[in-house]
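Observations on the model geometry
Residue strings, one per chain:
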Amino acid sequence: MSKVLILTNSSGGLYDFRNEFVQALLCGNQVYISMPDDVKEKELVQEGCQIIKTDINRRGINPLEDLKLYRTYSRMMKELKPDLVVTYTIKPNIYGGYAAARRKIPYIATITGLGGAFDRSGILLQLIVSMYKAGLKKAACVFFQNEENRGIFQRLGITAKKTRMVMGSGVNLERHRYEEYPAVEETRFLFVGRVMKERGILEYIEAAKALHSQRVFFDIMGYCDEDYQDMLDYLEQEGIVHQIGFHTEVHPYLTAASAIVVASFHEGMSNALIEGAATGRPVIASNISGCLEAFEEGTTGFGFTPGHADELIHAMKKFLALSYEERAKMGRLAREKMEREFDRKLVTGEYMDEVSLILSK
């Protein structure tokens, strides 16, 4: 049996968005997962994975912490001697990729989004580019989730032996099954994502202040990742927003929503958007790569320029003007698009193609 080592910064993210790939790897291979938390440890162990706890500071650059992470990955690979390493997210991609390259172990990486890292300039941007070059240049394959991200890497000279495009992580069409549109007179907008500036929370709050009423509600689902908690608590007391908090099972909340709102400044491919669409809900989303691929303007949702609260409000007003039948039709067409283009089985197949090529050598 071949050994496959997966490096990730979140057990929840791995299980929720990539577990079908993990299950496919488990068919005929030993799978080890390096992860920092135990949120989905029980489920992964029950499936047959072996877990290695690895501390990761997900945000910020601390040279000492990052050097320690690289050494941890390198030591892990020396002991396990995996036949393949699979990496997700920035630090596993960079430090795990570099460690695998140094030990001449084949590896594949996934760029799940660039965040604000590439909006920077000067020495800091040069440093980030240099680290990505070192981490990815010997990758057997790098998967991208939108063409814009791949184009940015190409322009900056961040290369790998091979690249492939996938439709994000895809969506599990059975877990996020189609639900009939809610037959209620009220409208519930649902913001899904970490509560932080780059996710568009400030624009969403401005829209809530402008449009909330006894029949129009603004829900927020996700954990507060920046210093907005006091403000959110005040707004909730005033009846402007409602905080749902972080939940690992999002489907019931998607089902209850009238429309899903994704206001991010950056996305690899928005899981919140495609899960909401799969459930049969219209979307109101940023006109950016990672969102534009997953909705059709005026057909399955409405777009707006991120960072522009006035455009978000305008898009919401267009949605509020729709009849119940028009909203329900949008939801049905959103589901059909997910079935055609975003089935996770298709994405898993893309990954397994590369795994088979590598392990057969």
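Refer to the structure printed above.
Our subject in this report is the structure included herewith.

This part is about the overall build of the protein chain. Helix and strand content of the protein chain: 13 helices and 13 strands. Taking 2.2 N^0.38 as the reference for a compact globule, 361 residues should give roughly 21 Å; the C-alpha atoms of the protein chain span a radius of gyration of 21 Å, in line with that estimate. Viewed in the frame of its principal axes, the protein chain has a C-alpha envelope of about 60 × 45 × 35 Å. Put simply, the protein chain has 361 residues, and 55% of those count as buried. Long-range contacts, defined here as pairs at least 24 residues apart, represent 67% of the contacts in the protein chain between residues at least 6 apart. Total accessible area computed for the protein chain in this model is approximately 16200 Å², and 50% of it derives from carbon and sulfur atoms. Taken together, the 45 basic and 48 acidic charged side chains of the protein chain have centroids lying 9 Å from each other.

Moving on: the packing of helix α3 (residues 63-80) against helix α4 (residues 90-102). Where α3 meets α4, the axes come as close as 9 Å, and the angle between the chain directions of the two elements is 45 degrees. Between α3 and α4, the angle is such that the two are oblique. Where α3 crosses over α4, the handedness of that crossing is right-handed. Contacts between α3 and α4 involve Asp66, Leu69, Tyr70, Tyr73, Ser74 and Met77 from the first element and Lys91, Pro92, Tyr95, Gly96, Tyr98, Ala99, Ala100 and Arg102 from the second. For the contact of α3 with α4, the class distribution of residues is 9 nonpolar, 2 polar and 3 charged.

Turning our eyes to something else, we now look at the pairing of strand β2 (residues 29-35). Within β2, 6 of the 7 residues are buried, leaving the element largely enclosed by the surrounding structure. Looking at chain direction, strand β1 (residues 2-7) and β2 are connected through 6 bridges and run parallel. Directly across from Ile6, in β2, lies its bridge partner Ile33. With helix α1 (residues 11-26) bridging β1 and the parallel β2, this β-α-β connection has right-handed handedness. Pairing analysis gives 4 bridges linking β2 to strand β3 (residues 50-53), with the strands arranged parallel. The residue of β3 that forms the bridge with Ser34 is Ile52. Between β2 and its parallel partner β3, the chain crosses via helix α2 (residues 41-47), and the hand of that crossover is right-handed.

This paragraph deals with the packing of aromatic side chains. Inspection of every chain in the model, using the stated rule, returns 11 aromatic pairs. Look at Tyr132 and Phe153: their rings are 5.1 Å apart centre to centre, the planes differ by 70 degrees, and that puts the pair in the edge-to-face class. Taken as a pair, Tyr132 in helix α5 (residues 122-136) and Phe153 in helix α6 (residues 147-155) lie far apart in primary sequence, 21 residues in all. By the burial criterion, Tyr132 is buried, and Phe153 matches it. Between the aromatic rings of Phe189 and Phe218, the centroid separation amounts to 5.2 Å while the plane-to-plane angle is 35 degrees, which identifies the pairing as tilted. Here Phe218 lies in strand β9 (residues 216-221) and Phe189 lies in strand β8 (residues 187-192), a separation of 29 residues in the sequence. For Phe189, a relative accessible area of 0% corresponds to the buried category. Grouped by ring-pair contacts, the aromatic residues Phe189, Phe191, Tyr204, Phe218 and Phe319 constitute a single cluster. Arg18 extends its terminal NZ or CZ atom over the ring of Tyr88, reaching a point 4.3 Å from the ring centre. Geometry around Phe217 places Arg188 over its ring, the cationic atom sitting 4.5 Å from the centre.

Basis of the calculations
- Residues numbered from 1 in each chain as written.
- Predicted model: local features only at pLDDT ≥ 70, side-chain atom pairs only at ≥ 80, totals over all residues.
- Heavy atoms only, no water.
- Helix = DSSP H or I, 4+ residues; strand = E, 2+ residues; numbered from the N terminus.
- Rg over C-alpha atoms; globule rule 2.2 N^0.38 Å.
- Buried < 20%, exposed > 50% of the residue type's maximum accessible area, 1.4 Å probe, protein only.
- Contact = heavy atoms within 4.5 Å.
- Areas by Shrake-Rupley, 256 points an atom, 1.4 Å probe, with all protein chains shown as cover.
- Lys, Arg positive; Asp, Glu negative; His and termini not counted.
- Charge placed at Lys NZ, Arg CZ, Asp CG, Glu CD.
- Axes fitted to C-alpha atoms, helices over the stretch in contact; angles between N-to-C directions.
- Parallel < 35°, antiparallel > 145°, perpendicular 65-115°, else oblique.
- Left-handed = near helix turned anticlockwise from the far one by under 90°.
- Nonpolar A, V, L, I, M, F, W, Y, C, P; charged D, E, K, R; others polar.
- Pairing = 2+ DSSP bridges.
- Right-handed = clockwise from strand over helix to strand, strands pointing away.
- Phe/Tyr/Trp six-rings, centres within 6.5 Å; stacked < 30°, edge-to-face > 60°.
- Lys NZ or Arg CZ within 6 Å of the ring centre and 35° of its normal.

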